Number of protein chains: 2
Amino acid sequence: MSKELEQDFLNLLKEKASYEEALGLMFWDLRTNAPKKAVGNRSEVIGMVSQKVHQITTSDQMKGYIDELKNNTQNEIIKKAVEKSEDSYNRSAKIPAEEYKEYVMLQSKAESVWEEAKDKDDFESFEPYLEKLVAYNQKFAGYWGYDNHIYDALLDNYEPGVTVAVLDDVFPKVRNSLSGLLDKIQQSPIQPDPSVLHGHFPKADQEKFSLEILSRMGYDFEAGRLDETVHPFAIGLNVNDVRVTTKYDVKDFRTAVFGTIHEGGHALYEQNINPELAFTPLADGTSMGIHESQSLFWENFIARSEAFWENHYKLFKTYAPDSFSDLPLDPFYKAINEVKPSYIRIEADELTYPLHIMVRYELEKALIAGDIKVKELPELWNDKMEEYVGIRPRNNAEGVLQDVHWAGGSFGYFPSYALGYMYAAQFHNRMEKDIDFDKVIRAGDFTGIKEWLTENIHQYGSMKKPLEILNDVTGEKLNPDYLVQYLSKKYSKIYQF
Amino acid sequence: MSKELEQDFLNLLKEKASYEEALGLMFWDLRTNAPKKAVGNRSEVIGMVSQKVHQITTSDQMKGYIDELKNNTQNEIIKKAVEKSEDSYNRSAKIPAEEYKEYVMLQSKAESVWEEAKDKDDFESFEPYLEKLVAYNQKFAGYWGYDNHIYDALLDNYEPGVTVAVLDDVFPKVRNSLSGLLDKIQQSPIQPDPSVLHGHFPKADQEKFSLEILSRMGYDFEAGRLDETVHPFAIGLNVNDVRVTTKYDVKDFRTAVFGTIHEGGHALYEQNINPELAFTPLADGTSMGIHESQSLFWENFIARSEAFWENHYKLFKTYAPDSFSDLPLDPFYKAINEVKPSYIRIEADELTYPLHIMVRYELEKALIAGDIKVKELPELWNDKMEEYVGIRPRNNAEGVLQDVHWAGGSFGYFPSYALGYMYAAQFHNRMEKDIDFDKVIRAGDFTGIKEWLTENIHQYGSMKKPLEILNDVTGEKLNPDYLVQYLSKKYSKIYQF
């Protein structure tokens, strides 16, 4: 009887996962292959299938399975799948259907208004939409409930278990330390020369190098592929079909090299989830932050390291023969690690990047709490940028309007980026006890690293919550010291302070 | 009230069409992009979504709309959509669910058995599966019902309105005429030299020529794209996304040139269906035969014509500079129109092709009627091939086992190929009254032809049945004389008899 019920529940999850896989493929196709005019019809199809997914998520049938199986199964996978399904059910079912529909329309409208506002540096036109988006999110937070801070209800969407209390404990420490490091870096007489990186890098060569590196990372090309898109991403359609996209800038190889490795890190996570979790909501990275920890681990801790280039610079030069034949490793390595405050988050170096996140976190927390108003944002944004990053945006396009997140109603998302960074540093610290990290990287064989990540993190998919995985792997709760130590060690060497 | 009901009906059709579009994309992706290991999961997703389509098709909800709207709507599109939906409902609902499920499993198993049987030239291993498939189709025909011949019930799946009576009236005429032509051709002292076509044709050049020709045909690349696959096909995901695939053989340019143009003909049909039919079952070619008439019209009546190469030979040579610079047009044109009986249908020239279809038609009609037994097939196949095409297959791999159709349970499909050919000849004859066909083709501007096809055929999608469209366009019922005249005129000139 209970066995049968479990099977019925799994069948419903499988139906839902099937629609999600179809949606994933349609999304990927729109960004890679779809002809221009296809977009209109395809969007309607996506809307229709998404609605079906929403229906299943909030169906009485789903609720029935959740109630009946909740404390009534011996199967660990079913137990976790029930928990995750209950979470989704509650998130969706607590919002009145009519309100949710209005919100979805608002999101879509707001994104296009934002796009134009950003182009025209016109915050005022976006303001009323942002106000409504904030108001909806405040209302949703109320529906979902929270113990201490209203923003916790939103954070929980992206990083289950992480709260304002947790962030307010670690973020200021990181910020202070990074500000201190930034000062020393800027005062150092040693400064990398980024002009040595200039050159012309044919797309085909960049693609070959990207394919080679993904292959060395252990990315399985029989369960994935690499394509070119305007905005790079990785997408897991299922454990056997995890696709990566990248972007080739013929004037700057860094876009593709670090972008491909970053997305490759995401893809390795999805490719190495336990196949037994297939067709359940557990066959996915457990949170935005843990996902980002994997991409940043590969991008920063590996691909921006000296050890990595000691091995790969030679290989890289074979793909960029005209540009670096006379350039020694040292100035190359320093140039790709230049620290230089930027207005734009996605162009930030690895040291100032977390500071961009702090700006956003503090503003969106205050917005949702009602402590500040939308119309005050531009000024407050610029003040905080000046305070944390040390530069003041000259307009809103390079300031408060630069990110799509708020236009899409994603409040509570930004902290994941900084959390991912801290998680990565903690994993890195722990990994160094098992693996002679620099030596392995210098040898260019990442098998051990990939296996360590699979065994400790990837295989679990969403079976464990982010802080649970962190604790299981490192024996510690969130500890920002490792990130600070890592950056401090690396940059004091480069900038010699 | 009725308006509301119509809207509800359209919404249900739209939901169904959305799943079908997703299925189409998954199918296309599996054949073009999907990584090797993706197939397993993707097949399960396809199965799940197909099941959903089947559920909607046979749902009480669908039946309710059909019953309520059947003679009760002023809207012509709704009226036709109801008819088509009722047809699908009846076809599906009349087969007991359990039986249908067994049949689907049998199909899938039979296809893999057939593949191996073909490889090993082992008809016996396939025999029991084919027997079951025939038995199921006989049973289904009984469920569906028919007036005169049991095979009519199957034919109606592919070519609604065309019956054994219709085919038995025209096929023998065509067969006799073509046999007569074939005799004259084989006795002619003039024989084309196909060896002049040998050469090496780099894939990239073939691709460029394919793109150029599709473009000239009026194929809209903003609503489609060209890719490479093992088996070429065209697929309409929606009117704004109709994709073509082709195959490049570096030793034989004909595969890609005629293949691309053939699939381009299918694609033009789908691209030019009235957009108001979107998301209904009418947004599709009306039958296999009419679809094939469009691909064959472009492939044979245009691209194998002398007028076409008078214009395009020069262009073609720019893409194959090493091969034909010294070869005059005449031997080239004759070589690509060489008539030579072949064992394999898909390798047949345009004159003997219909004879291959006659062999299949007569055998499957007799099989379904119970007049012959599966185990007699190999011998009967070879006898008929000898009688109609003039050559006797040396084994079953190049005989009765060559096509996948029967292994997939598709009985009643083959006649569409020959019908498409006859339709095309009738359309061609009619078009010549409106358009100076050869002149237009010689000028290389196909705009008028494309517009004629759109206005007379494409725009209607499935609003008209095949014989209805034939009659509306030509003012005649099916008349095989036009095909015979066309072939006779063309080949008597080439072979000078």
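Residues numbered from 1 in each chain as written. Chains lettered and ligands numbered in written order. Predicted model: local features only at pLDDT ≥ 70, side-chain atom pairs only at ≥ 80, totals over all residues. Heavy atoms only, no water.

- As recorded in an unreviewed UniProt entry, chain A goes by the name Metal-dependent carboxypeptidase, listed as coming from Thalassobacillus devorans.
- The UniProt entry for chain A carries the following comment under Catalytic activity (unreviewed entry): "Release of a C-terminal amino acid with broad specificity, except for -Pro."
- Here chain A is described in UniProt, under the heading Function (unreviewed entry), as follows: "Broad specificity carboxypetidase that releases amino acids sequentially from the C-terminus, including neutral, aromatic, polar and basic residues." (UniProt positions renumbered as here; feature names shortened; annotations may be inferred.)

### Let's talk about the sheet that holds strand β1 (residues 226–228) of chain A
Residues and elements named next belong to chain A.
Piece 1. Strand order in the open sheet made by the three strands is β1-β3-β2, with mixed pairing throughout. The outermost strands of the open sheet, each flanked by one partner alone, are β1 and β2 (234–238). Shown here is a sheet whose adjacent strand axes are inclined to one another by a mean of 25 degrees, direction ignored.
Piece 2. Relative to strand β3 (residues 241–246), β1 is paired through three bridges, and the arrangement is parallel. Among the inter-strand pairings, E228 is bridged to a residue of β3, identified as T246. (Pairing = 2+ DSSP bridges. Helix = DSSP H or I, 4+ residues; strand = E, 2+ residues; numbered from the N terminus. Axes fitted to C-alpha atoms, helices over the stretch in contact; angles between N-to-C directions.)

### Structural notes on the packing of aromatic side chains
Piece 1. Counted by the stated rule, this structure contains 79 aromatic pairs over all chains.
Piece 2. On the basis of an interplanar angle of 80 degrees and a centroid distance of 5.7 Å, the ring pair of F253 of chain B and F324 of chain B is categorised as edge-to-face. Residue F253 of chain B is located in helix α10 (residues 253–271), and its partner F324 of chain B is located in helix α13 (residues 321–324); the two are separated by 71 residues in the primary sequence. Like F253 of chain B, the residue F324 of chain B is buried in the burial classification.
Piece 3. In this structure, K132 of chain A is placed above the aromatic ring of Y129 of chain A, and the distance from its NZ or CZ to the ring centre is 5.6 Å.
Piece 4. The ring of F414 of chain A carries R360 of chain A above its face, with NZ or CZ at 5.5 Å from the centroid. (Phe/Tyr/Trp six-rings, centres within 6.5 Å; stacked < 30°, edge-to-face > 60°. Buried < 20%, exposed > 50% of the residue type's maximum accessible area, 1.4 Å probe, protein only. Lys NZ or Arg CZ within 6 Å of the ring centre and 35° of its normal.)

### Notes on the pairing of strand β2 (residues 234–238) of chain B
All names here are of chain B.
Piece 1. One ladder, built from four bridges, connects β2 with strand β3 (residues 241–246); its direction is antiparallel. Within β3, the position partnered with G236 by the bridge is V242.
Piece 2. A loop of two residues connects β2 with β3, the two strands running antiparallel in sequence.

### A closer look at the pattern of salt bridges
Piece 1. Under the counting rule described, the total for this entry stands at 71 salt bridges over all chains.
Piece 2. A salt bridge links K79 of chain A to E76 of chain A; the nearest nitrogen and oxygen atoms lie 4.0 Å apart. With K79 of chain A and E76 of chain A both in helix α4 (residues 76–93) and three residues apart, this pair spans about one turn of that helix.
Piece 3. The exposure class assigned to K79 of chain A is partly exposed, which follows from its relative accessible area of 33%.
Piece 4. You can call E76 of chain A partly exposed: its relative accessible area is 40%.
Piece 5. Between R243 of chain A and D29 of chain B there is a salt bridge, with its nearest N and O atoms 2.7 Å apart. Note that R243 of chain A is positioned in strand β3 and D29 of chain B in helix α1 (residues 2–32), a pairing that runs across two chains.
Piece 6. In this structure D29 of chain B comes out as buried when scored by relative accessible area, which is 0%. (Salt bridge = Lys/Arg side-chain N within 4 Å of Asp/Glu carboxyl O.)

### Section: the domain arrangement of chain A
Residue and element names in this part refer to chain A.
Piece 1. As assigned here, chain A comprises domain 1 (1–93) and domain 2 (135–497).
Piece 2. Using C-alpha coordinates to define each centre, domain 1 is positioned 29 Å away from domain 2.
Piece 3. Counting residues at the interface gives 20 residues for domain 1 and 23 residues for domain 2.
Piece 4. Of the roughly 1,900 Å² buried between domain 1 and domain 2, counting both surfaces, carbon and sulfur atoms make up 65%.
Piece 5. Broken down residue by residue, the surface that domain 1 buries against domain 2 is led by W28, I77 and R91, which jointly contribute 36%. (Domains from an automatic or database assignment. Contact = heavy atoms within 4.5 Å. Buried area = accessible area lost by both parts, 1.4 Å probe.)

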